[in-house]
Amino acid sequence: MAGLLASVLPLAIGAAISPTLLALQLVVLTGATKPLARAWVVAVGSALVLATYSVLGLTVLQHLHPAKLGHHSMRGAIIMIVAGGLMMVLAVRSLLRRPTPAEQQKSRTASRLETAPTFWFLGVGAVGMVVNFSTLVLFLPALHEITRSTVGLLDRSVVFGFLYIITLLPVLIPVGLVTILGDRADPVLDATHTFVTRHARHIGVVIEVVFAVYLVWKGFGELP
């Protein structure tokens with residue numbers, strides 16, 4: 001299982017570095033109306049979308065011919081190279097697009113969310129995950145690593161659990177801190193919100209370029 005976890009962990013960390021989801025959750029938590037309840041509903045919405053995406057991804061990948069761990073695979077090469085290419089496209093889009101979703105949070109999203117009913121935040125979390133393309137692009141190669149592994153079902157399930165939870169950390173960590181610390185978490189949330197809003201574009205571009213190179217390099221290494 002250690003080898004599988006080592007191959008999945010970098011992709012999971014990359015998928016978790018999501019300025020958009022983090023900024024969205026911070027906007028909700030700094031709101032004046034039921035911030036904690038709304039933030040948990042956002043987390044549930046994001047988790048449901050990621051679970052659905054996982055089921056679809058695993059279904060598609062399981063129908064492909066299995067590849068043996070440690071052997072070169074054309075299927076694996078194609079998945080990695082295509083994912084790397086998509087990450088590079090996202091990097092270019094991030095450079096050209098103004099403003100980024102995270103940069104819009106404070107000026108536009110906050111006012112819209114303040115008057116919305118709490119149950120509506122389930123959709124907010126779902127949409128936040130759906131439009132978080134870099135996370136979804138990195139999540140699929142990680143699923144591929146799990147489906148191609150020859151370790152037992154229990155070990156693969158454990159690694160998938162790590163992948164799933166790590167990917168959701170941008171929405172889980174802030175609400176978890178507030179749940180545990182209450183108002184004592186406010187300075188950390190405010191500082192994080194300011195940092196993410198200012199540097200969302202730079203964070204996104206760096207992650208997208210780094211993982212584009214990583215995936216393409218890994219893909220070429222998979223070629224028979």
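Residue positions are given per chain, counting from 1 as you read along its sequence in written order. Per-residue local features of the predicted model are confined to residues with pLDDT of at least 70, and side-chain atom pairs are confined, for both listing and counting, to 80 or more; whole-chain, interface and lining totals are unaffected and use all residues. Neither water nor hydrogens contribute to the side-chain values; these are computed over all heavy atoms in the structure.

**Q** Sorry, what's going on with the packing of helix H4 (residues 74–96) against helix H7 (residues 133–148) here?
**A** The angle between the axes and the distance between the axes are what describe a pair of packed helices. Between H4 and H7, the shortest axis-to-axis distance is 9 Å and the interhelical angle comes to 170°. Accordingly, the angle class assigned to the pair H4 and H7 is roughly antiparallel. Of the two possible hands of crossing, H4 and H7 adopt the one that is left-handed. Between H4, through Arg75, Gly76, Ile79, Met80, Ala83, Leu86, Met87, Leu90 and Arg93, and H7, the contact on the second element is made entirely by Phe133, Ser134, Val137, Leu138, Pro141, His144, Glu145 and Arg148. Split into classes, the residues belonging to the contact of H4 with H7 amount to 10 nonpolar, three polar and four charged. For every element, the axis is a line fit to its C-alpha atoms; helices are fit only across the contacting stretch, and the angle between N-to-C directions ranges from 0 to 180 degrees. Helix numbering and strand numbering both begin at the N terminus, where a helix is a DSSP run of H or I of at least 4 residues and a strand a DSSP run of E of at least 2. Working definition: roughly parallel below 35 degrees, roughly antiparallel above 145 degrees, roughly perpendicular at 65 to 115 degrees, and oblique for all remaining angles. Handedness of a crossing follows from how the near helix is turned relative to the far one, being left-handed for an anticlockwise turn of less than a right angle and right-handed for a clockwise one. Contacts between residues were defined by any pair of non-hydrogen atoms, one from each residue, lying within 4.5 Å. Under the convention adopted here, Pro, Cys and the residues Ala, Val, Leu, Ile, Met, Phe, Trp and Tyr are nonpolar, Asp, Glu, Lys and Arg are charged, and Gly plus all remaining residues are polar.

**Q** Sorry if this is basic, but what is going on with the pattern of salt bridges here?
**A** Pairing between side chains becomes possible if they bear opposite charge and their charged atoms approach one another. Note on definitions: salt bridges are taken to be side-chain nitrogens of Lys or Arg within 4 Å of carboxyl oxygens of Asp or Glu. What the rule picks out here adds up to one salt bridge. Residue Glu145 is joined to Lys218 by a salt bridge in which the shortest nitrogen-to-oxygen separation is 3.2 Å. In this pair, Glu145 is assigned in helix H7 and Lys218 in helix H10 (residues 186–222), connecting sequence segments 73 residues apart. Of the two residues, Glu145 and Lys218, both sit in the buried class. Only protein chains enter the accessibility calculation, which uses a 1.4 Å probe. A residue is then buried if its area is under 20% of the maximum for its type, exposed if over 50%, and partly exposed in between.

**Q** Help me out: how do you make sense of the packing of helix H2 (residues 19–29) against helix H3 (residues 35–62) in this one?
**A** Where H2 contacts H3, the axes come no closer than 8 Å and their chain directions differ by 155°. On the basis of their axis angle, the class for H2 and H3 is roughly antiparallel. From H2, Leu21, Gln25, Val28 and Leu29 reach across to H3, where they touch Pro35, Leu36, Arg38, Ala39, Val42, Ala43 and Ser46. Split by residue class, the contact of H2 with H3 holds eight nonpolar, two polar and one charged.

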